[in-house]
Amino acid sequence: MTFVLRKLGFYAVALWAALTLNFLIPRLMPGNPVDQLVSKLAQKGQVTPATREAIELLLGANTSAPLWEQYVDYLRQLAQGDLGVSVTYFPAPVTQVIGQTLPWTIGLIGISTVISFVLGVGLGTLAGWKRGSWLDNLIPVTTMFQSVPYFWLALILLYLLGSVWMVFPLNGGYDVYTTQIGWNLPFVGSVIYYGTLPAITIVISSVGGWMVGMRNMMVSTLSEDYILTAEAKGIAPGRIMRTYAARNAILPSVSGFAISLGFVVAGSLVTEAVFSYPGVGSALLSAVNSNDYALMQGIFLVITISVLGANLLVDLLYSVIDPRTRARS
């Protein structure tokens, strides 16, 4: 129980520090979201000072108020679940924008990350177990794809599979002309079809890292004395690989996987930009271009909570998988 409470306290402090940085960083950027919105409204008519004051109150960007007062208002709004109004998607609230984009990102990036992790760890286990095999020799090829800049790999696959051979669509999240959004078979099939090529690029570019990490840990683990003891006892090789070697070798990969899951919410800016995918990454990019403080803070808040939550979960899971970490803490 002491271990759990200590972890909860640590992550509570980390959350407060992240929220404070989340408040400060957007305000250090040049520009003002109120000016952005006022300039848009000015194209349709005169904007009075009263209107500007109302917009400042609406967006929570009253620059005449002291910074500490803005900070208190920011924390009070967070406690009430009010993330403000988006300038980019005005007058939609930030919660609505995040609620509409988050499922797209989790569906694409989340599933791709899980597939890449399972595939990479599985192949890395076999490569480490059978050193010198064709699978082991395949690792340099997979790491080469990881070293290639992702946008370059994505553009090549998009050109070949989307433009030359027309196997997949060039952009978008679904067919906006023939399907209606909802839980119906044509829409789900369209989402899977449109998301396949972005998912393939993510898996190709990331599976090499999981493979080489797991392979190296397997090689290191197989040299331990308890593996030799297990072999001397006549335990089946498959059981030694799964129960004795892979179980211990996978621990660093689990930590990396948890961090990756936390950043799933952030989306992949490059992926969503290249494929014009309607996820959180695209919304964040639009928010930065428009100095949309509220939307940036809302997305950063969701990212922060997801990353800290994933790390906390892994810390607790780690203590179950390997009790020595709990004893050392």
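Residues numbered from 1 in each chain as written. Predicted model: local features only at pLDDT ≥ 70, side-chain atom pairs only at ≥ 80, totals over all residues. Heavy atoms only, no water.

In the nomenclature of an unreviewed UniProt entry, the chain is known as Dipeptide transport system permease protein DppB of Isoptericola dokdonensis DS-3. Recorded under Sequence similarities (unreviewed entry), the UniProt text for the chain is reproduced unchanged: "Belongs to the binding-protein-dependent transport system permease family." (UniProt positions renumbered as here; feature names shortened; annotations may be inferred.)

1. Description of the packing of aromatic side chains
Counted under the stated rule, the structure contains 13 aromatic pairs. Look at Phe 168 and Tyr 193: their rings are 6.1 Å apart centre to centre, the planes differ by 40 degrees, and that puts the pair in the tilted class. Taken as a pair, Phe 168 in the loop between α7 (150-164) and α8 (185-222) and Tyr 193 in helix α8 lie far apart in primary sequence, 25 residues in all. Through a chain of ring-to-ring contacts, three or more aromatic side chains come together here, namely Trp 104, Tyr 174, Phe 187 and Tyr 277. (Phe/Tyr/Trp six-rings, centres within 6.5 Å; stacked < 30°, edge-to-face > 60°. Helix = DSSP H or I, 4+ residues; strand = E, 2+ residues; numbered from the N terminus.)

2. Observations regarding the environment of Leu 161
The residue Leu 161 is located in helix α7 in this model. For Leu 161, a relative accessible area of 19% gives the class buried. Considered as a pair, Leu 161 and Leu 197 are 36 residues apart in the sequence and their alpha carbons are 8.1 Å apart. Residues contacting Leu 161, with those up to four places away along its chain left out, are Met 166, Val 167, Phe 168 and Leu 197. (Buried < 20%, exposed > 50% of the residue type's maximum accessible area, 1.4 Å probe, protein only. Contact = heavy atoms within 4.5 Å.)

3. Re the packing of helix α9 (residues 225-232) against helix α10 (residues 237-249)
Axis separation between α9 and α10 bottoms out at 11 Å; the angle between their running directions is 175 degrees. The angle between α9 and α10 places the two elements in the roughly antiparallel class. Counted together, Tyr 226, Ile 227, Ala 230 and Glu 231 of α9 and Ile 240, Tyr 244, Ala 245 and Asn 248 of α10 form the full contact between these two elements. Its residues placed into classes, the contact of α9 with α10 shows 6 nonpolar, 1 polar and 1 charged. (Axes fitted to C-alpha atoms, helices over the stretch in contact; angles between N-to-C directions. Parallel < 35°, antiparallel > 145°, perpendicular 65-115°, else oblique. Nonpolar A, V, L, I, M, F, W, Y, C, P; charged D, E, K, R; others polar.)

4. Describing α7
The terminal C-alpha atoms of α7, which comprises 15 residues, lie 20 Å apart, in line with the 21 Å expected from a rise of 1.5 Å per residue. Along α7, the residues that are buried comprise Tyr 150, Leu 153, Ala 154, Leu 157, Leu 158, Leu 161 and Gly 162. In this fold, the buried residues of α7 make contact with α6 (134-147), α8 and α12 (269-274). Residue Met 166 follows α7 closely and has a positive phi angle near 55 degrees. (Expected span 1.5 Å × (residues − 1).)

5. Focus: unusual backbone geometry
A negative phi holds for most residues other than glycine; trans holds for most peptide bonds. Even without being glycine, Met 166 reaches a positive phi, approximately 55 degrees. As for its placement among the helices and strands, Met 166 is situated in the loop between α7 and α8. We note that Ser 276 has phi near 50 degrees; this positive angle belongs to a residue other than glycine. Here Ser 276 lies in the loop between α12 and α13 (280-289).

6. Remarks on the UniProt feature "transmembrane region" (unreviewed entry) in the chain
UniProt feature "transmembrane region" (unreviewed entry): in the numbering of this structure it lies at residues 9-29, 104-129, 150-171, 191-212, 249-275 and 295-318. Taken end to end, residues 104-129 comprises 100% helix and 0% strand; its first and last C-alpha atoms sit 37 Å apart. End-to-end, the C-alpha atoms of residues 191-212 are 32 Å apart, and along that stretch the chain is 100% helix and 0% strand.

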